[in-house]
Amino acid sequence: MALFPLGDLMAKQLTTPEFLGIPAEATEISWTKYGWVYLFAACIGFATTLAEPSLLAVAIKAETVSGGTIGAFGLRLAVSVGVALGIALGTFRIVTGSELYYYIIAGYVVVLIQTAYAPKIIVGLAYDSGGVTTSTVTVPLVTALGIGLASTIPGRNPLFDGFGLIAFASLFPIISVLAYSQIALWRSKHSSSHS
Amino acid sequence: MSFFKHPFVKQLGSSFLDLAPILAVVIVFQIWVIKQPIPDLGNLIMGTVFVVLGLTLFIQGLELGLFPIGESMAYAFAKKGSVAWLLTFAFCLGFGTTVAEPALIAVANEAANIAAKGKLISADLQAKAGYAMGLRLSVALSVGFAIMVGVLRIIKGWPLHYLIICGYAAVLIITPFAPKEIIGIAYDSGGVTTSTITVPLVTALGIGLATAIKGRNPMIDGFGLIAFASLTPIVFVMAYGILR
């Protein structure tokens, strides 16, 4: 209700030239000026994902099916961190105006390499967590952020640069969940070799 | 049983905790970074109460309705053994839940406006509505197709990453040929399609099938339906952009 229009408004306020302290007619602005935007993007991505009902559903199911090996909260945390990183990088892409295509290819390559090394049991769940993160709660906020950014930054066209944040938010959780499982595996191996 | 131990009340509490980070981010940024007062504080509180209630009711509904429906259907189909009907059902489930998806309708309308501004289609209402409808149909078709192939994968026991790698390859091959305006929308539409109702139903269906079929592990084979359903729309939407 009033939560989402507010998020929308904040995204716009954070990207106005007045807030950034730059002259409105500037045509070239260094990407370092947008620090608060990246931080806001990461925080809002993390917070909305933690509250995402579809992710909760999948996490509950995963905990039941795995017999508690995969904790519902740990999974949600891993996914939220992934979304936070993804959206922050996505806003960076909009600010610098680089090609969406390259980032996505690089992400795919990382996912494929991780898949080869990750425990088999987590792969399906990790791939699924990419798709579930972005629904009712996250999409409207993130879309508003992307379009708001692309329309206030000089030289960006909302038509070409405004979309794509959701794509980042669906790709990065896969990487973070696979990484989470690898770290868990490595730690359990490490401790068992010591004992 | 005391009031605070009641499951519904406990769930209310944990729903509030789930939402607390959003509130924290909004309040901290509004006060310390943007330095503006929070507009409509009353509405914000009301909205938060509604969202907490809604989330609580949703979780109750999940355990009572959506999970059992998905699983019992999976068992019934596995028992009957008719692969053709199961695949038909899987397609209809994917198509039906996606074509009416509110997030998708919003994105399709937005895309039609953009296409009209970019002079891809004429700016009259009819052309826009036609474009948006075409977009929604291609996404719905792609999700139906994905769930169908995904179910076939569970039956046959193919490894998930083969499907995903094929999907990625298709995305990469088709991107250079797609019109520039549609690429962002196409990549986003993958994430938008799988909604709050579709996800629990499809997840329960996949896990139910993997549990019911001999030789399948629900953890390894049961997940993955959503993943494929978020990948195919990218390909189908770009194809739609090329073909029209």
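See the structure printed just above.
Conventions used here
- Residues numbered from 1 in each chain as written.
- Chains lettered and ligands numbered in written order.
- Predicted model: local features only at pLDDT ≥ 70, side-chain atom pairs only at ≥ 80, totals over all residues.
- Heavy atoms only, no water.
- Phe/Tyr/Trp six-rings, centres within 6.5 Å; stacked < 30°, edge-to-face > 60°.
- Helix = DSSP H or I, 4+ residues; strand = E, 2+ residues; numbered from the N terminus.
- Buried < 20%, exposed > 50% of the residue type's maximum accessible area, 1.4 Å probe, protein only.
- Core = buried A, V, L, I, M, F, W, Y, C linked by side-chain atoms within 4.5 Å.
- Contact = heavy atoms within 4.5 Å.
- Salt bridge = Lys/Arg side-chain N within 4 Å of Asp/Glu carboxyl O.
- Polar contact = N/O pair within 3.5 Å; in protein donor to acceptor, adjacent residues only side chain to side chain.
- Nonpolar A, V, L, I, M, F, W, Y, C, P; charged D, E, K, R; others polar.
- Patch = residues over 30% accessible without salt bridge, like charges linked within 9 Å, V, L, I, M, F, W, Y side chains within 5 Å.
- Areas by Shrake-Rupley, 256 points an atom, 1.4 Å probe, with all protein chains shown as cover.
- Expected span 1.5 Å × (residues − 1).
- Axes fitted to C-alpha atoms, helices over the stretch in contact; angles between N-to-C directions.
- Parallel < 35°, antiparallel > 145°, perpendicular 65-115°, else oblique.
- Left-handed = near helix turned anticlockwise from the far one by under 90°.

**Details of the packing of aromatic side chains**
Here is step 1 of the chain: All told, the structure shown has nine aromatic pairs over all chains when counted by the stated rule.
Here is step 2 of the chain: For the pair Y108(A) and Y168(B), a centre-to-centre distance of 3.5 Å together with 15 degrees between the ring planes defines the contact as stacked. Taken as a pair, Y108(A) in helix α6 (residues 100-117) and Y168(B) in helix α6 (residues 160-174) lie in two separate chains rather than in one. For the pair Y108(A) and Y168(B), one class covers both residues: buried.

**Observations regarding the nonpolar core**
Here is step 1 of the chain: In this structure, L125(A), V151(B), Y187(B) and M238(B) are the most contacted members of the largest nonpolar core, which totals 129 residues.
Here is step 2 of the chain: Aside from chain neighbours lying at most four places away, what touches L125(A) is V58(A), A62(A), I70(A), L75(A), M219(B) and F223(B).

**Remarks on the interface of chain A and chain B**
Here is step 1 of the chain: At the interface, 62 residues of chain A touch 64 residues of chain B.
Here is step 2 of the chain: Taken together, the connections running from chain A to chain B amount to two salt bridges.
Here is step 3 of the chain: Between E71(B) and K61(A) there is a salt bridge, and its shortest N-O distance comes to 2.4 Å.
Here is step 4 of the chain: Inspection of the region where chain A meets chain B yields nine residue pairs in polar contact (both at pLDDT 80 or more).
Here is step 5 of the chain: Mapped onto the side of chain A that touches chain B, the elements with two or more residues apiece are α1 (3-14), α3 (35-50), α4 (53-65), α6, α7 (120-132), α9 (158-161) and α10 (165-194) of chain A.
Here is step 6 of the chain: By residue class, the composition of the side of chain A that touches chain B is 45 nonpolar, 12 polar and five charged.

**Quick word on the environment of E101(B)**
Residues and elements named next belong to chain B.
Here is step 1 of the chain: Residue placement: E101 occurs in the loop between α3 (83-99) and α4 (102-117).
Here is step 2 of the chain: When the C-alpha positions of E101 and T198 are compared, they lie 9.3 Å apart, and in sequence the two are 97 residues distant.
Here is step 3 of the chain: Dropping the residues within four chain positions of it, E101 is found in contact with V192, T193, S195 and T198.

**Focus on a nonpolar patch on the surface**
Here is step 1 of the chain: On the surface, L41(B), I45(B), M46(B), V49(B), F50(B) and L53(B) cluster together into a nonpolar patch covering about 540 Å² of accessible area.
Here is step 2 of the chain: We classify L41(B) as partly exposed; its relative accessible area is 47%.

**Details of α4(B)**
Here is step 1 of the chain: Over its 16 residues, α4(B) extends 23 Å from the first C-alpha to the last, a length consistent with the 22 Å expected when each residue adds 1.5 Å.
Here is step 2 of the chain: Of all the residues in α4(B), the buried ones are L104(B), V107(B), A108(B), A111(B), A112(B), I114(B), A115(B) and A116(B).

**Notes on the packing of helix α5 (residues 125-156) of chain B against helix α8 (residues 198-212) of chain B**
All names here are of chain B.
Here is step 1 of the chain: With their axes 10 Å apart at the nearest point, α5 and α8 run at an angle of 20 degrees to one another. Looking at the two axes, α5 sits roughly parallel to α8. For α5 against α8, the interelement crossing comes out right-handed. Residue-level contacts link I147, V151 and I154 of α5 to V202, L205, G206, L209 and A210 of α8.
Here is step 2 of the chain: Partitioned by chemical class, the residues of the contact of α5 with α8 number seven nonpolar, one polar and no charged.

**Some details on the pattern of salt bridges**
Here is step 1 of the chain: Inspection of the entire model under this criterion finds two salt bridges over all chains.
Here is step 2 of the chain: Note that D18(B) and R76(A) form a salt bridge whose closest N and O atoms lie 2.9 Å from each other. Residue D18(B) is located in helix α1 (residues 7-33), and its partner R76(A) is located in helix α5 (residues 72-96); the two belong to separate chains. R76(A) shares its class with D18(B); the two are buried.

**Thoughts on the side chain of S66(A)**
Residue and element names in this part refer to chain A.
Here is step 1 of the chain: Among the structural elements, S66 can be located in the loop between α4 and α5.
Here is step 2 of the chain: Relative accessible area serves as the criterion here: at 14%, S66 is assigned to the buried category.
Here is step 3 of the chain: Among the polar contacts made by the side chain of S66, one reaches the main-chain carbonyl oxygen of E63 at a distance of 3.5 Å.

Keep in mind that these numbers describe shape and distance, not what the molecule does.
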